[in-house]
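# Observations on the model geometry
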Amino acid sequence: MGDGGVGRRTFLAAMTGSGAAATAAADPAADPAAAETADGAAGGPEAEIRALVGRMTVAEKLGQLQQLAWTGATGPGGSQTASAEQAARKGELGSVLNIFGARHSNALQRIAVEESRLGIPLVFGLDVIHGFWTTFPIPLAQAASFDPEVARVDGEVSAKEARSNGIHWTFSPMMDVTHEPRWGRIAESCGEDPCLTSAFAAAKTRGYQGGDLAAKDRVAACAKHFVAYGGAEGGRDYNTVDVSESRLRNLYLPPFKAALDAGCATVMASFNTLSGIPAHANSHTLTEILKEDWEFDGVVVSDWNGVGELLPHGFAADGADAGRIALTAGVDMEMVSTHLADHGAELLASGRIKEDRLDDAVARVLRLKYALGLFAQPYVEEAEAVPGPTPQTRKAAREVAARSMVLLKNEGEVLPIGPGKAVAVVGPFADSRDMQGTWAGPGGEKFPPVTVLHGMRDGAGRGARVTYGVGATKAADVVVVVVGEGAKLSGEAASRSDLGLPGDQEELIEAVAATGIPFVVVLLNGRPLTVGNWVESASAVLEAWHPGIEGGHAIADVLYGKVNPGGKLPASFPRNVGQVPVHYNHENTGRPYDPKSPGNTYVTGYSDVERTPQFPFGYGLSYTTFEIGTPKASVARIGAGELRRGETFEVEVSVRNVGEVAGDEVVQLYVHDPVASLVQPVRRLRGFERVALGVGEAKVVRFVLGAEDLGFWTNAVDGRFVVEAGRVDLYVGSSSDARSACTIQVD
Ligand code: NOJ
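All values reported here derive from a predicted model rather than from experimental measurement.

The rules behind each value
Residues numbered from 1 in each chain as written. Predicted model: local features only at pLDDT ≥ 70, side-chain atom pairs only at ≥ 80, totals over all residues. Heavy atoms only, no water. Buried < 20%, exposed > 50% of the residue type's maximum accessible area, 1.4 Å probe, protein only. Helix = DSSP H or I, 4+ residues; strand = E, 2+ residues; numbered from the N terminus. Pairing = 2+ DSSP bridges. Right-handed = clockwise from strand over helix to strand, strands pointing away. Phe/Tyr/Trp six-rings, centres within 6.5 Å; stacked < 30°, edge-to-face > 60°. Axes fitted to C-alpha atoms, helices over the stretch in contact; angles between N-to-C directions. Left-handed = near helix turned anticlockwise from the far one by under 90°. Contact = heavy atoms within 4.5 Å. Near = heavy atom within 4 Å. Polar contact = N/O pair within 3.5 Å; in protein donor to acceptor, adjacent residues only side chain to side chain. Areas by Shrake-Rupley, 256 points an atom, 1.4 Å probe, with all protein chains shown as cover. Nonpolar A, V, L, I, M, F, W, Y, C, P; charged D, E, K, R; others polar. Salt bridge = Lys/Arg side-chain N within 4 Å of Asp/Glu carboxyl O. Core = buried A, V, L, I, M, F, W, Y, C linked by side-chain atoms within 4.5 Å. Domains from an automatic or database assignment. Buried area = accessible area lost by both parts, 1.4 Å probe.

## A short note on the pairing of strand S14 (residues 478-484)
Counting buried positions over the seven residues of S14 gives seven, a clear majority of the element. Side chains Val478, Val480, Val482 and Gly484 of S14 all project onto a buried face; the interleaved residues Val479, Val481 and Val483 project onto the opposite face, where all are buried too. Alignment of strand S12 (residues 423-426) against S14, held across four bridges, turns out to be parallel. Bridge pairing in S14 links Val423 to Val478. In terms of strand pairing, S14 meets strand S15 (residues 519-524) through six bridges, oriented parallel. Across the sheet, residue Gly484 finds its bridge partner in S15, namely Leu524. As a crossover connection, the stretch from S14 through helix H19 (residues 505-514) into S15 is right-handed.

## Description of the packing of aromatic side chains
Under the criterion given, the structure shown has 18 aromatic pairs. Relative to Phe688, the ring of Phe146 has its centre 5.5 Å away and its plane inclined at 80°; by these criteria the two rings are edge-to-face. Here the residue Phe146 occupies a position in the loop between helix H6 (139-144) and helix H7 (149-164), and Phe688 occupies one in strand S22 (residues 684-693), the gap between them amounting to 542 residues. Between the aromatic rings of Tyr229 and Phe271, the centroid separation amounts to 6.2 Å while the plane-to-plane angle is 70°, which identifies the pairing as edge-to-face.

## Concerning the sheet that holds S22
Strand order across the open sheet formed by five strands is S19-S27-S26-S21-S22, with mixed pairing between neighbours. In this open sheet, the two edge strands, each paired with only one partner strand, are strand S19 (637-638) and S22. The sheet contact formed by S19 and strand S27 (residues 740-746) spans two bridges and is parallel. Its bridge partner lying in S27, Arg637 is registered against Gln745.

## Side note on the packing of helix H9 (residues 245-252) against helix H11 (residues 283-293)
Orientation of H9 relative to H11, taken along the N-to-C sense of each, is 60°, at an axis distance of 14 Å. Here H9 and H11 pass one another in a crossing that is right-handed. Contact residues: H9 offers Glu245, Leu248 and Arg249, while H11 offers His284, Thr285 and Ile289.

## A closer look at the site of the ligand
Around the ligand there are 14 residues in total, and Asp127, Arg185, Lys224, His225 and Asp303 lie nearest to it. Note that an oxygen atom of the ligand is positioned 2.7 Å from one of the side-chain N or O atoms of His225. Compared with its free state, where it exposes 300 Å², the ligand has 100% of that area covered by protein. Of the residues that constitute the shell around the ligand, the class distribution is seven nonpolar, two polar and five charged.

## Focus on the pattern of salt bridges
This model, assessed by the stated rule, comprises 45 salt bridges. A salt bridge links Glu156 to Arg152; the nearest nitrogen and oxygen atoms lie 2.9 Å apart. Of this pair, Glu156 and Arg152 both sit in helix H7, four residues apart, which is roughly one turn of that helix. The shortest N-O distance in the salt bridge between Lys562 and Asp557 comes to 3.7 Å.

## So, the nonpolar core
Core analysis: the largest hydrophobic core is formed by 70 residues, its most contacted members being Phe226, Leu248 and Leu685. The element that contributes the greatest number of residues to this core is helix H8 (residues 194-209), accounting for seven residues. Residue contributions to this core reach at least three from each of two domains, namely domain 1 (3-384) and domain 3 (626-746). Setting aside residues no more than four positions away along its own chain, Leu248 makes contact with Val227, Ala228, Val243, Leu253, Pro254, Leu274, Thr285 and Ile289. Grouped together as the second largest cluster of nonpolar side chains are 47 residues, Ile49, Ala232, Ile353 and Ala361 included.

## Topic: the domain arrangement of the protein
As far as domains go, the protein holds domain 1 (3-384), domain 2 (401-579) and domain 3 (626-746). Computed over C-alpha atoms, the centres of domain 1 and domain 3 are 35 Å apart. The interface of domain 1 with domain 3 comprises 14 residues on the first partner and 16 residues on the second. Between domain 1 and domain 3 lies a buried interface of about 1,200 Å² when both sides are counted; carbon and sulfur atoms form 62% of it. The largest contributions to the domain 1 side of the interface with domain 3 come from Phe146, Cys195 and Arg249, which together make up 45% of the buried area. One can count zero salt bridges joining domain 1 with domain 3. Put simply, the parts of the chain that give the side of domain 1 that touches domain 3 at least two residues each are H8 and H9. It is H9 that provides the largest number of residues to the side of domain 1 that touches domain 3, a total of four residues. Looking at the side of domain 1 that touches domain 3 residue by residue, the class counts come to five nonpolar, five polar and four charged.

And the structure:
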């Protein structure tokens, strides 16, 4: 991590390179205090920020910590348009979310810059999660590509479209690791693994931010939700989380560290409690870990009404208490609720909040605005607003969607569909536009997606017939049944207690099965589903997720074999909902299931369902076959001390395409420490590479491993990472069931 030229230091450097000194709005340099700089750089951004803070009234400072919502609500509070204008005019507003459009945002910015006393520009935020105009597949789908480059591309395209339309800041990437398919927000996540999630979090951050936040085609990213939101009990959104320090540090925190190392400018607090302390009130995570240990100097924004929610949590007595607790814990900006703005002056006067904490929070907000170049150029060029998707961005979305699909089953090689075959496309999602996914941007409505039927018709070769509807199936060589769950069934506040196909879709599949015609099930969904008995009768199953604007074309590309599917599952698919949580990176019990003694009932598991998931993490088929060799470590032993000093070793393995068409394999490396002072997961993904191989082609894949891969965080609250002596097993293969292994001895 950390390459790509956008490390955290570069985030600061970007401020200096952004023309921040020449402010079009506030001119802190006009203040003599600006000359006296603690960092010794007269006129440097930090000096300017301090000087500006020095000129601000308490109300103006508190205003910088306030973010109000323009339109659209994702929780209690609704639109605050009128109050936003008023506050901007008084110079008592830092940010607005949910405003977009170059003209609209310029009009509001003009009020802040031209009518307020200090003319400090506003920063505009929006949830640009998987596309602004050009809707890419949902993040869970992107993770299935096992190719972080797809997230970078989405980030880059989204940033360009959003920034030109007045957005400076996206509340993305979401990086909540979760073992809960019932949790609707798994759709926004990268699934169940911290290593995969970290790689995507870093890549998406780079895509959004590039090397210079002030550039016209970049936006600030936001690492969310800090932290452990994905641990929601029962998968119910916003629910309680209670985790050990080691689980917090080994499972939930790594993606945040990776995003920050990639330069991520901001962080959002999460709605959940964490072992009894709401995340918005958690000084251990927000201040000790994030700001002190990791030296994060950017903005921590609350989630929507997250400060206000300290009251229903039962953690704050009233609004003033909520504001005090959140600011003191480390929240810098309050989204939607207004407790700091309302009570901050009285809290300060009575000594219940400290002036230096207040000034630090204000400085963080101003630092973001400098980095974005807003003091130099607060407005967006209206004539340059990107009006919609282009052929290039559509092409990118199509490639990403096809790359994200996972072939779950392909018996009798019904796929790819050969030339000239008569195809019937059926099912409630066959010609549905409900495939954009949980958090499509403004483009989701304005630029509808290519449906599967449309895509199949475009993709069919000359003379091939594609018909629509169950009635057409009799004459078909193959039936494509398109089923799934609508976008509203996943995402925020969309948890489900049942993971089957909603409604009568299973009956539809059974009816198609009864015709005896080979059929392919295409799944459009935002979470792992339980596939039920129908999976037995289907010839093939393609997991296409919510694939976005070019979804229909991408599905046709895969079904007709123009693209050989190479995606892998980023989360295990359970056999039934009662099995949840079922994930590959679990720990062993003292009575683990032993496949060599299947009759032994005194082992962990259920008596009415197999121990394993239906489809494991990392699983996915191809139209070709690969052989993965035995891994070899470059050394047989290595000292724990050497590892701690930064030494690394390599594990290499060969992979060969032994089938009849070109294709991609994702070579995955897992570690297991069989004896440790803290019980370790049975497998931990520590490396992966998606390799494209022509027929007969082979490649050697090399993974570089170090302390981070072999050690773990203990339960010490002050954070202790250990690398212990002993044997470590290294598995390499095409899924989390990888069997090919070697070992390394740590001395
Ligand atoms: C609530 C969600 O939890 C968060 O992810 C989002 O960024 C905010 N609402 C703003 O819409």
